Amino acid sequence: MRALLVTSVGVTCAAALTLPLAAPASSAPVLSAASARPPSLTTEPGTDTTDTSGTTAPDTTTTSDTTAPDGAELRAAKSAAAPAGFTQSLPLAPLAVPSNRVAGAPAVQGLPQRDARPFSLVGVVWDDAEAELHGTVQVRTRATGTTRWSDWQDVEAHNADHAADLGSAEREGRTVRGATAPLWVGDSDGVEVRVRPESPAAPESPGSQDRAATPVPLPEGMRLELVDPGEDPAPEPARGAPANRAAVPAVFADTPPTAALPEVLTAEIAAASAVNAEVAELGASVIPALTQAETAESVNLAPGAKPYIGPRPRIVTRKGWGADEKLRERNFGYTKSVKAAFVHHSATGNNYTCKQAPSVLRSIYRYHVKSSGWRDFGYNFAVDKCGNIYEGRAGGVTKAVLGAHTLGFNTNTMGIAVLGSYGSTNPPAAAVTAVSKLTAWKLGLFGANPKGKVTLVSGGSNKYKKGVKVKMNVISGHRDGFATECPGARLYKKLGTARTSSAKLQGR
């Protein structure tokens, strides 16, 4: 299956359980375990879900009710398995024809202003993943509980380059859809959307049959996806229990001490956590940072060998940001190694706070899986504007997990998404520093030099045909492997700084 290794973990009782997993052949050297700390984030300065994964999506909106039951006792006993968030999927339709519409041009599609259940992220999907949306997508939203509507906001329409490779098991073995990039709009309960097709160019001369004048239709089956991320996970108390015991949940201020119950880890949560057993306890919300000396000591090296590896940074796990592990495909997919890192921007906009970053991640995750049809969150890691680092696709942070981030170059690489849009906005220094720290450590696990070059074989993209060998920087931008604006011009200009800092952290 194209070097796709699959690991599946079965768990029968995760409340008091150690899951010893044999690391795949592609895993990095075994690291020593360390205790985790509560997932407090760096802050800025100053039930069932809608399933649109079938071949034909229903026209009616189906959502799940995620309102927590009343009562302190129920809140204290709430299981970690409780699903979070929901998706509203609304079919688009032709809008009223404007008087200045070009003859022969496809109709504008969208939705007029309407109420909706609360949501925080939007995107547009369509039936054929191979079809491209030639046009513009804009949305307006209404802040929840108000009459205040936003201005029109652009949604990045060209998103096919963030995907699994052509012919891969992930792309061929499931119903994958075409999709725009998702856009974070914050807590909203009203929406309006319009999708304008590209206007056909006028013929060069009367009677000429210029191909450019042929109208390009919009993709079929377009739907507006409104994603609610659900509630943030409860804060985790200080951890001191043995590694083979489940964590004890936080006790709310209004909860009597006797009401606190052990947290229940589902099989899916335990499996996603167990693949990080080398670096954190089962059920941990954070993988703690290590010093340079601690990191070097934790890696098995030949006597006298110099460890070119940066200190392990602090990483918020999937459990820490509240990933619903029942959404993703059960098995984990691996590639052979991590030879390079591709840096992306999520193109979700910059109107989020770092406290909201976990909600942004849960929304993107749900959009990738339930709306776009992917097996899991596409990127291997994510970084927010405050420099917090998050585990992305499940499978283990020290392992060579196969992602869906750079079409044509997902094999033997990892993808890092900096949350935000950085075409005309400078990325925060904290985010660039986090990319340097993460790559210094993760690339170091696989012996890669952040300032070096690497030769990769294209799996097929709009820039390099399948099978072509391409020499790239070990830390590259998405646009180096695909003709795209990603990771945005401003972030792309910072990659030289990231390479230098990353190499320095490795001791090079």
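Not measured: the values here are computed from a predicted model. (Residues numbered from 1 in each chain as written. Predicted model: local features only at pLDDT ≥ 70, side-chain atom pairs only at ≥ 80, totals over all residues. Heavy atoms only, no water.)

## Description of the overall build of the chain
Step number 1: Of the regular secondary structure elements, the chain holds 9 helices and 19 strands.
Step number 2: Going through the 508 residues of the chain one by one, you find that 54% of them count as buried.
Step number 3: Per element, the accessible surface of the chain, about 21800 Å² overall, is 53% carbon and sulfur. (Helix = DSSP H or I, 4+ residues; strand = E, 2+ residues; numbered from the N terminus. Buried < 20%, exposed > 50% of the residue type's maximum accessible area, 1.4 Å probe, protein only. Areas by Shrake-Rupley, 256 points an atom, 1.4 Å probe, with all protein chains shown as cover.)

## A few points about the sheet that holds strand 19 (residues 475-477)
Step number 1: Taken in spatial order, the 7 strands line up as 10-11-15-14-16-13-19 in an open sheet, and their pairing is mixed. Among the strands making up the open sheet, the edge pair consists of strand 10 (286-287) and strand 19.
Step number 2: In this fold helix 7 (residues 429-445) packs onto strand 11 (315-316), strand 13 (340-345), strand 14 (381-383), strand 15 (389-391), strand 16 (413-418) and strand 19, with an angle of close to 165° to the strand it touches most, strand 16. (Pairing = 2+ DSSP bridges. Contact = heavy atoms within 4.5 Å. Axes fitted to C-alpha atoms, helices over the stretch in contact; angles between N-to-C directions.)

## Quick notes on the environment of Val 397
Step number 1: Structurally, the position occupied by Val 397 is in the loop between strand 15 and strand 16.
Step number 2: Note on Val 397: relative accessible area 2%, which makes it buried.
Step number 3: Between the C-alpha atoms of Val 397 and Asn 276, which are 121 residues apart in sequence, the distance is 6.6 Å.
Step number 4: Val 397 has contacts with Asn 276, Val 279, Ile 287, Ile 315, Phe 381, Glu 391, Trp 441 and Lys 442, leaving out every residue within four places of it along the chain.

## Observations concerning the packing of helix 7 against helix 9 (residues 495-505)
Step number 1: It is at 8 Å that the axes of helix 7 and helix 9 come closest, and there the two elements cross at 45°. Considered as vectors, helix 7 and helix 9 are oriented oblique to each other. Classified by chirality, the crossing of helix 9 by helix 7 is right-handed. Along the contact surface, helix 7 presents Val 432, Val 435, Ser 436, Lys 437, Thr 439 and Ala 440, while helix 9 presents Thr 497, Ala 498, Ser 501, Ser 502 and Leu 505.
Step number 2: In the contact of helix 7 with helix 9, the residues fall into 5 nonpolar, 5 polar and 1 charged. (Parallel < 35°, antiparallel > 145°, perpendicular 65-115°, else oblique. Left-handed = near helix turned anticlockwise from the far one by under 90°. Nonpolar A, V, L, I, M, F, W, Y, C, P; charged D, E, K, R; others polar.)

## A short note on the packing of aromatic side chains
Step number 1: This structure, assessed with the given rule, holds 4 aromatic pairs.
Step number 2: Ring plane angle 90° and centroid distance 5.8 Å describe the contact between Trp 321 and Tyr 365, whose orientation is recorded as edge-to-face. Within this pair, whereas Trp 321 is found in helix 5 (residues 318-321), its partner Tyr 365 is found in helix 6 (residues 357-371), the two being separated by 44 residues in sequence. Note on accessibility: Trp 321 and Tyr 365 belong to one class, buried.
Step number 3: The interplanar angle of 45° and the centroid separation of 6.1 Å between the aromatic rings of Phe 342 and Phe 409 together place this pair among those described as tilted. Of the two residues, Phe 342 is situated in strand 13 and Phe 409 in the loop between strand 15 and strand 16; the sequence distance between them amounts to 67 residues.
Step number 4: Cluster of aromatic residues (ring-pair linked, three or more members): Trp 321, Tyr 365, Phe 377 and Tyr 379.
Step number 5: Arg 194 extends its terminal NZ or CZ atom over the ring of Trp 152, reaching a point 3.8 Å from the ring centre.
Step number 6: One cation-aromatic arrangement involves Arg 479 over Tyr 492; the distance from NZ or CZ to the ring centre is 4.8 Å. (Phe/Tyr/Trp six-rings, centres within 6.5 Å; stacked < 30°, edge-to-face > 60°. Lys NZ or Arg CZ within 6 Å of the ring centre and 35° of its normal.)

## Regarding the state of the cysteines
Step number 1: Enumeration over the complete set of coordinates arrives at 1 disulfide.
Step number 2: One disulfide bridge connects Cys 354 with Cys 386, the sulfur atoms lying 2.2 Å from each other. Across the S-S bond of Cys 354 and Cys 386 the torsion is about 95°, and the bridge reads as right-handed. Taken together, the positions of Cys 354 in the loop between strand 13 and helix 6 and Cys 386 in the loop between strand 14 and strand 15 put the pair 32 residues apart, joining distant regions of the chain. (Disulfide = S-S within 2.5 Å.)

## Points about unusual backbone geometry
Step number 1: The omega torsion of the bond from Cys 486 to Pro 487 falls at 10°, within 30 degrees of zero and hence cis.
Step number 2: Its place among the elements puts Pro 487 in the loop between strand 19 and helix 8 (489-492).
Step number 3: The phi angle at Ala 347 is positive, at roughly 60°, despite the residue not being glycine.
Step number 4: Unlike most non-glycine residues, Asn 412 shows phi in positive territory, near 60°.
Step number 5: In this fold, Asn 412 is placed in the loop between strand 15 and strand 16.
Step number 6: Overall, Asn 412 belongs to the buried group, its relative accessible area being 14%.

## What about the environment of Arg 117?
Step number 1: In this fold, Arg 117 is placed in strand 4 (residues 109-126).
Step number 2: Given the relative accessible area of 31%, Arg 117 is considered partly exposed.

## Quick word on the nonpolar core
If you look at soluble globular proteins, the nonpolar side chains tend to sit buried side by side.
Step number 1: Counting 64 residues, the largest nonpolar core has Phe 381 and Ile 416 as its most contacted members.
Step number 2: At 8 residues, the largest contribution of residues to this core is made by helix 7.
Step number 3: Contacts of Phe 381, omitting those with residues within four sequence positions, involve Ile 315, Ile 389, Tyr 390, Glu 391, Gly 392, Val 397, Met 414, Gly 415, Ile 416, Ala 417, Leu 438 and Lys 442.
Step number 4: Judged by nonpolar contacts, the second largest core, of 22 residues, contains Leu 92, Leu 111, Val 139 and Val 191. (Core = buried A, V, L, I, M, F, W, Y, C linked by side-chain atoms within 4.5 Å.)

## Digging into the pattern of salt bridges
Step number 1: The final tally for this structure, using the stated rule, is 9 salt bridges.
Step number 2: The shortest N-O distance in the salt bridge between Arg 362 and Asp 232 comes to 2.9 Å. Taken together, the residues span a long stretch of sequence, with Arg 362 in helix 6 and Asp 232 in the loop between strand 9 (223-228) and helix 3 (267-274) at a distance of 130 residues.
Step number 3: For the salt bridge of Asp 376 with Arg 318, the shortest nitrogen-to-oxygen distance reads 3.2 Å. Remark: Arg 318 occurs in helix 5 and Asp 376 occurs in the loop between helix 6 and strand 14; sequence separation between them is 58 residues. Here Asp 376 and Arg 318 have matching classes, each one buried.
Step number 4: Through salt bridges with shared partners, one network takes in Arg 318, Glu 325, Arg 328 and Asp 376. (Salt bridge = Lys/Arg side-chain N within 4 Å of Asp/Glu carboxyl O.)

## Thoughts on the environment of Val 193
Step number 1: Position of Val 193 relative to the elements: it lies in strand 8 (residues 183-197).
Step number 2: Spatially, the C-alpha atoms of Val 193 and Gln 109 are 8.2 Å apart, while their sequence positions differ by 84 residues.
Step number 3: Leave out the neighbours within four places in its chain, and Val 193 touches Leu 92, Leu 95, Gln 109, Gly 110, Leu 111, Val 137, Gln 138, Val 139, Trp 152 and Leu 224.

## With respect to the confidence of the model for the chain
Step number 1: Confidence in the prediction for the chain averages 79 pLDDT; 70% of positions are at 70 or higher.
Step number 2: Across residues 1-26, confidence stays below pLDDT 50; counting only partners more than four residues off in sequence or on other chains, it has 60 contacts. (pLDDT = per-residue confidence, 0-100.)

## Focus on helix 7
Step number 1: Compared with the 24 Å implied by 1.5 Å per residue over 17 residues, the 25 Å span of helix 7 between its first and last C-alpha is a close match.
Step number 2: Two residues or fewer after helix 7 comes Gly 447, characterised by a positive phi angle close to 75°. (Expected span 1.5 Å × (residues − 1).)

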